[in-house]
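For reference, the chains in residue letters:
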Amino acid sequence: MSALEFARPASLAQALALHAPGGPAGDGSMWLAGGQSLLAAMKLGMASPARLVDLQDVPGLRDIGEQDQSLSIGAMATHAAVAASDLVKRWAPGLALLAGGIADEQVRQMGTLGGSLAHNDPAACWPAGVLAAGATLVTDQRQIAAADYFQGLYTTALRPGELILGVRFPRLQGLRYLKFEQPASRFALVGVAVARALDGSVRVAVTGLGLGVVRWPRAEQALSRDFSLQALQGLVTDDLQALADLHASADYRRHLAGVLAARCVSALGGGRLPPHAPLAPRQRPALVAQHCAETMPEDGFGDVQVLAAAPAQVWQTLLDASALQASIPGCESLVQTRADAYEATVKVGLGPLSVRFKSEVLLSDLRPPQSLTLVLRASAGAMGSGQGQARVRLEPLHGQTRLHWWVQVQLSGRLAQFGNRLVEATARKLAGEFFERMGQALSSGQASPSLQTAPWWRRLIRFFFPSSGK
Ligand SMILES: Cc1cc2nc3c(=O)[nH]c(=O)nc-3n(C[C@H](O)[C@H](O)[C@H](O)COP(=O)(O)OP(=O)(O)OC[C@H]3O[C@@H](n4cnc5c(N)ncnc54)[C@H](O)[C@@H]3O)c2cc1C
């Protein structure tokens, strides 16, 4: 661990003063709750705060009580305290069960509600319970509805330095959280929370799919109309975006979500489950299935995107340095070094870290305007390096382009510790943003460089196809 300062303020005012941006430790400070995630991240070199502001002694943050018709749980309340609280058991027994099912006794004695929500691990239990309950997070600056708080993998609405003081849960008819757990950590391989509000409306939140907690609108609509197992019968789970890793395929994760949702509904009085009934048939949209069969090798991942421009125009844009720079999220610079090569500096948010990669991109297997491969080598200095390739195939679609992409990424050094799931989730998110930006630029006409304004393009064509005459 690198050298750092440690502060243990005895009041909220002191804590906020220590952590204030521009304060003594500026942006280098981090809140320390139970250290169950943060200390592990520091040991792995993934977080290096200049100062830890320990919240243990700040009064009031562990309180559990009733306030304004809601159940209020302080950010520093440990999972063990929530699980044991008579008030929580009376108000929402499902929340006590959720807390009691987290990890093991040691972790439950140290890990906190606020730490779990701030960290927002994609396999954590609390985010599902809080989102399904329609709870409100109270911070030192404002109140944030759970629906606005969770913003994807390790990402929340919290501003730098913002402190969660606690969470307010509204009264509910019932809430149940069930997970299919990792035997080693008890994190959720997939976890589902179903909550029934007093007005009968239902929220379903799913954790563990890989991209952070999400709601499942199709199940919510069906259950709000008819809170029964029949309402879930035949409901396909293909609207849930899921990732594959060495523990489970995306399909299996979606399937688990369906099964667990049904078990929650059953536990909340929505009917008795026949043993081992297949409740959520596994189906995939025909387009993706076809795409996978045709183009996706066994490793890596990919998707299909429809862009509002003909393949020739998309092809041109893919090879235009300025259009590329504008489309790559976090791209700080992109310079063409050879007809078939670029150098780029790209800042990527990888979990809790922001990593700057210096990358070399080589173009190969060019078949204008049908397909190409981008080979990528990237270095993040002492953090490690990455390499990968992206294959792109363009298919004409009534004046538009159906673009198939497939990406394979491998990280080494410290970066490899992030694991496939985070790497895939990040790469998928970035690739999605990339094609979205490119699609916007294409439809607004900003990304259609003519051959005259992109003279290197001619050189590239000649380089690869000397006899093409273009
Ligand atoms: C072996 C193991 C198994 C686990 N299994 C599970 C499981 O089954 N289910 C599950 O849900 N979780 C599980 N966890 C996670 C655990 O429950 C903790 O809740 C989680 O790691 C957060 O830890 P913490 O509360 O100690 O926060 P810390 O590690 O101290 O902090 C985590 C992050 O939150 C920030 N932070 C902390 N408090 C606040 C606050 N009040 N306001 C703003 N920011 C804040 C910190 O700066 C840091 O960035 C497991 C952890 C371990 C180590």
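None of the values given here were measured: they were computed from a predicted structure.

### Description of the overall build of the chain
Move 1: When helices and strands are tallied, the chain shows 17 helices and 19 strands.
Move 2: For the chain, the proportion of its 470 residues judged to be buried stands at 50%.
Move 3: For the chain, contacts bridging at least 24 residues in sequence account for 56% of all contacts bridging at least 6.
Move 4: Surface exposure of the chain reaches about 21500 Å², of which carbon and sulfur atoms provide 52%.

### Overview of the confidence of the model for the chain
Detailed reading of the predicted coordinates is not advisable wherever pLDDT is low.
Move 1: Of the residues in the chain, 86% reach a pLDDT of 70 or more, and the chain-wide mean stands at 84.
Move 2: Counting contacts from residues 277–298, a segment whose pLDDT is below 50, to residues more than four positions away or on other chains yields 37 contacts.
Move 3: pLDDT under 50 marks residues 447–470. Its contacts with residues more than four places away, or in other chains, come to 40 contacts.

### A few points about the sheet that holds strand β5 (residues 70–74)
Move 1: Spatial ordering of the open sheet is given by β4-β5-β8-β6-β7, a layout of 5 strands whose pairing is antiparallel. Two strands lie at the open edges of the sheet, namely β4 (64–67) and β7 (143–145), each paired on one side alone. Between one strand axis and the next, the sheet turns through 25° on average, direction left out of account.
Move 2: By the bridge criterion, 4 bridges tie β4 to β5 in an arrangement that is antiparallel. If you follow Glu66 over to β5, its bridge partner there is Leu71.

### Brief notes about the environment of Gly94
Move 1: Structurally, the position occupied by Gly94 is in helix α5 (residues 93–100).
Move 2: Residue classification places Gly94 among the buried positions, given a relative accessible area of 5%.
Move 3: Along the backbone, Gly94 and Gly129 are 35 residues apart, and their C-alpha atoms lie at a distance of 8.5 Å.

### With respect to helix α1 (residues 12–19)
Move 1: Within α1, burial applies to Ala15, Leu18 and His19. Along α1, the residues classed as buried sweep out an arc of 90° about the axis, all on the same side.
Move 2: On its buried face, α1 is in contact with β1 (5–7), β2 (29–32) and β3 (51–54).

### Let's talk about the site of the ligand
Move 1: Residues in close proximity to the ligand total 30 residues, the closest being Trp31, Ser37, Leu38, Thr112 and Arg186.
Move 2: Between the ligand and the protein, one listed contact pairs an oxygen atom with a backbone N or O atom of Leu38 at 2.7 Å.
Move 3: Look at the ligand: alone it shows 970 Å² of surface, and the protein chains cover 90% of it.
Move 4: Going through the elements one at a time, β2 and α7 (113–119) are the ones with two or more residues in the shell around the ligand.
Move 5: Looking at the shell around the ligand element by element, the count peaks at 4 residues for α7.
Move 6: Taken together, the residues of the shell around the ligand break down into 16 nonpolar, 11 polar and 3 charged.

### A closer look at the side chain of Asp245
Move 1: Mapped onto the secondary structure, Asp245 falls in the loop between α11 (229–232) and α12 (250–267).
Move 2: Judged by relative accessible area, which is 16%, Asp245 ranks as buried.
Move 3: At 2.8 Å, the side chain of Asp245 and the backbone nitrogen of His247 are in polar contact.
Move 4: Looking at Asp245, its side chain comes within polar contact range of the side chain of Arg253, at 3.2 Å.

### Remarks on the pairing of strand β9 (residues 172–181)
Move 1: Here β9 runs beside strand β10 (residues 188–197); their pairing, made up of 9 bridges, is antiparallel. Opposite Leu178, over in β10, you have Val192 as the bridge partner.
Move 2: Hairpin connection from β9 to β10: 6 residues lie between these consecutive antiparallel strands, with Arg186 at a positive phi of about 70°.

### Observations regarding the packing of aromatic side chains
Move 1: Counted according to the given criterion, the structure contains 3 aromatic pairs.
Move 2: Residues Trp126 and Phe169 carry aromatic rings whose centres are separated by 6.4 Å and whose planes lie at 40° to one another, so their mutual orientation is tilted. With Trp126 in helix α8 (residues 126–133) and Phe169 in strand β8 (residues 164–170), the pair connects residues that are 43 residues apart, well separated along the chain.
Move 3: The buried category is assigned to Trp126, whose relative accessible area is 0%.
Move 4: Owing to a relative accessible area of 1%, Phe169 belongs among the buried residues under this scheme.
Move 5: With a centroid separation of 4.9 Å and an interplanar angle of 90°, the aromatic rings of Tyr149 and Phe150 are classed as edge-to-face. For the pair Tyr149 and Phe150, a shared accessibility class is recorded, and that class is buried.
Move 6: A cation over an aromatic ring shows up here: Arg171 above the ring of Trp91, its NZ or CZ 3.9 Å from the ring centre.

### A look at the sheet that holds β9
Move 1: Taken together, the 4 strands give an open sheet; going across it, the order is β9-β10-β11-β12, and neighbouring strands pair in antiparallel fashion. Each edge of the sheet is formed by a strand with only one pairing partner; in this case those strands are β9 and β12 (214–215).
Move 2: Sitting on the sheet, helix α10 (residues 217–225) is in contact with β11 (202–207) and β12, with an inclination near 150° to β11.

What counts, and at which threshold
Residues numbered from 1 in each chain as written. Predicted model: local features only at pLDDT ≥ 70, side-chain atom pairs only at ≥ 80, totals over all residues. Heavy atoms only, no water. Helix = DSSP H or I, 4+ residues; strand = E, 2+ residues; numbered from the N terminus. Buried < 20%, exposed > 50% of the residue type's maximum accessible area, 1.4 Å probe, protein only. Contact = heavy atoms within 4.5 Å. Areas by Shrake-Rupley, 256 points an atom, 1.4 Å probe, with all protein chains shown as cover. pLDDT = per-residue confidence, 0-100. Pairing = 2+ DSSP bridges. Axes fitted to C-alpha atoms, helices over the stretch in contact; angles between N-to-C directions. Arc of directions from axis to C-beta. Near = heavy atom within 4 Å. Polar contact = N/O pair within 3.5 Å; in protein donor to acceptor, adjacent residues only side chain to side chain. Nonpolar A, V, L, I, M, F, W, Y, C, P; charged D, E, K, R; others polar. Phe/Tyr/Trp six-rings, centres within 6.5 Å; stacked < 30°, edge-to-face > 60°. Lys NZ or Arg CZ within 6 Å of the ring centre and 35° of its normal.

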